[in-house]
Amino acid sequence: MALIVAKFGGTSVASPERIKNVAKRLVRMRQQGNEVVAVVSAMGKTTDELMGLASAVTAAPPARELDRLLSTGEQVSMTLLAMAIENMGYKAMSFTGRQAGIETDGTHNKAKIVKVHNERILDALASGVVPVVAGFQGIDANDDITTLGRGGSDTTAVAIAWGINADVCEIYSDVDGVYTTDPRIAPRARKLDSICYDDMLELSSAGSGVLQSRAVEFARKWKVVIHSRSAFSDAEGTYVKEEYEMEEAVITGIASDTSEVKVTVRRVPDAPSVAAKVFSALAANNVNLDMIIQNVSEAGFTDISYTTPSADLPRAIETMERIVPEIGAREFIVDEDIAKVSLVGTGMKSSPGVASRTFQTLGDNNINIMAISTSPIRLSMIVDAAQAVQAVQCLHTAFGLDSDDLFVETQLSAEEIAAKMKKGR
């Protein structure tokens, strides 16, 4: 017997039939004597479709109104799932983020959770009800609906698990755990039985789509155990936790991300405070930055490059158009055809030669590196987007991560796979 928070992603509830299957799984948990709280994402492509409706009305949707619109996707999922559970003879009750007690700050489109009021969820559990909570959303101090950003339902689930002191937060998706890389890119990827918070956080931040990085960060801070598993099978997945079974591999996994763009400011005067002006202006305009590269100065001038999520590109361009003349730079150039490939592993800290093997492997495969960034447990490189798959595959083999088994997709349609691969673009 356990208290479980079970979160189901968009593909898991993409159709009435899949919603019924989720209901059967939740009822089975109850029949086994467990208490369970469900958290759901919007059905399939609903969020993208709602974004399309907003874009059809205006090129710049007001953030407050956009949050109200996008929050309706999860509310459809929660009510349908509650109905499906009730139809099986078990009591269920749907809760919006507000009703579930998810209090956030006032930052629309990417709000942060500041408090979890657990009373209504605990009361529902005590009365034998299966609470079904809309993920991705909360309420701020002004009683306005806020959303947590793409993938925010993961964060909702982890926050509720912490708020009600659940034994585990099970996050169900279309893959049966965390792999050494995306098995749809490298079919010989190996599923991990367990992974530590630090490695998972780096993989998520580097583009692994299994778990949202903010959810992992929240889980690490409050020691919430995550069980990443498939919504389409009963197989054991991957546990994300503080203590895990150590493996000999230097590299835990490889992630790739095609959702970033590179901006290069050409012929920047190499003088004090110039870089500060550039990045202060970007910060003031809420442009998130990842990698920053400054070339060696020649004749008093240099080039500065940085990468940013493609969603922030309009604000980055607006900032550059204003700041480039101010600092006396020549121009700025945007390159959208890039990918970030990252190797992650706590074993890197005590294993020399990771960088040399990485660069040699990419060189042998004629893959050019445009930029490099490192941390004690991560090595990230920017490459041409067209070579991202090849880079992941050859590095996966070079570091001995290949398994003897081939991953075969059996659950998602070709359309769903294509949509996942384009996520963030």
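Remember, it's a predicted structure, so these values are computed and weren't measured experimentally. (Residues numbered from 1 in each chain as written. Predicted model: local features only at pLDDT ≥ 70, side-chain atom pairs only at ≥ 80, totals over all residues. Heavy atoms only, no water.)

*Asks:* What should I look at first to understand the overall build of the protein in this one?
*Replies:* Helix and strand counts for the protein come out as twelve helices and 20 strands. Scaling as 2.2 N^0.38, a compact globule of 425 residues should have a C-alpha radius of gyration of about 22 Å, and the protein matches this with 22 Å. Projecting the C-alpha coordinates of the protein onto the three principal axes gives extents of approximately 75 × 50 × 35 Å. When each of the 425 residues of the protein is scored for burial, the buried share is 50%. Expressed as a percentage of contacts within the protein between residues at least 6 apart in sequence, the contacts between residues at least 24 apart total 75%. Surface exposure of the protein reaches about 19,200 Å², of which carbon and sulfur atoms provide 50%. Each charge class in the protein can be summarised by its mean position, and for the 42 positive and 55 negative side chains these summaries are 2 Å apart. (Helix = DSSP H or I, 4+ residues; strand = E, 2+ residues; numbered from the N terminus. Rg over C-alpha atoms; globule rule 2.2 N^0.38 Å. Buried < 20%, exposed > 50% of the residue type's maximum accessible area, 1.4 Å probe, protein only. Contact = heavy atoms within 4.5 Å. Areas by Shrake-Rupley, 256 points an atom, 1.4 Å probe, with all protein chains shown as cover. Lys, Arg positive; Asp, Glu negative; His and termini not counted. Charge placed at Lys NZ, Arg CZ, Asp CG, Glu CD.)

*Asks:* Sorry if this is basic, but what is going on with the packing of helix 8 (residues 274-284) against helix 9 (residues 313-327) here?
*Replies:* A pair of packed helices is captured by two measures, namely the crossing angle of their axes and the spacing between those axes. Between helix 8 and helix 9, whose axes approach to 9 Å, the crossing angle comes to 155°. Classified by the interaxial angle, the pair formed by helix 8 and helix 9 is roughly antiparallel. In this structure, helix 8 crosses over helix 9, and the sense of that crossing is right-handed. Judged by residue contacts, Val274, Lys277, Val278, Ala281 and Leu282 of helix 8 engage Ala316, Thr319, Met320, Arg322, Ile323 and Ile327 from helix 9. Of the residues contributing to the contact of helix 8 with helix 9, the split by class is eight nonpolar, one polar and two charged. (Axes fitted to C-alpha atoms, helices over the stretch in contact; angles between N-to-C directions. Parallel < 35°, antiparallel > 145°, perpendicular 65-115°, else oblique. Left-handed = near helix turned anticlockwise from the far one by under 90°. Nonpolar A, V, L, I, M, F, W, Y, C, P; charged D, E, K, R; others polar.)

*Asks:* Just checking my understanding: could you explain the domain arrangement of the protein for this structure?
*Replies:* By convention, interface size is frequently given as the accessible area that disappears when the constituent parts associate. Taken as a whole, the protein is organised into domain 1 (3-173) and domain 2 (248-424). Summarising the inter-unit geometry, the C-alpha centres of domain 1 and domain 2 are found 32 Å apart. (Domains from an automatic or database assignment.)

*Asks:* Can you walk me through the packing of helix 2 (residues 46-57) against helix 3 (residues 63-87) in this structure?
*Replies:* Across the interface, helix 2 lies against helix 3 with an axial gap of 9 Å and an inter-helix angle of 150°. The pairing of helix 2 with helix 3 is recorded here as roughly antiparallel in orientation. Every pair of crossing elements has a handedness; the one defined by helix 2 and helix 3 is right-handed. Residues Thr46, Thr47, Leu50, Met51 and Ala54 of helix 2 lie in contact with helix 3, whose contacting residues are Leu66, Leu69, Leu70, Thr72, Gly73 and Glu74.

*Asks:* In this structure, what is going on with the layout of surface pockets? I would like to understand it.
*Replies:* Empty space left among the atoms is revealed by rolling a probe the size of a water molecule over them. Here the second largest pocket defines a volume of roughly 250 Å³. Around the second largest pocket, the lining residues are Ala2, Ile4, Arg25, Arg28, Met29, Gln32, Asn34, Val168, Glu170, Tyr172, Arg229 and Asp234. A breakdown of the residues in the lining of the second largest pocket according to their chemical character gives five nonpolar, two polar and five charged. (1 Å grid on protein atoms, 1.4 Å probe; cavity = no way out; pocket = protein on both sides within 12 Å on 5 of 7 lines; lining within 4 Å. Points joined across faces, edges and corners; volume = space filled by probe spheres on them.)

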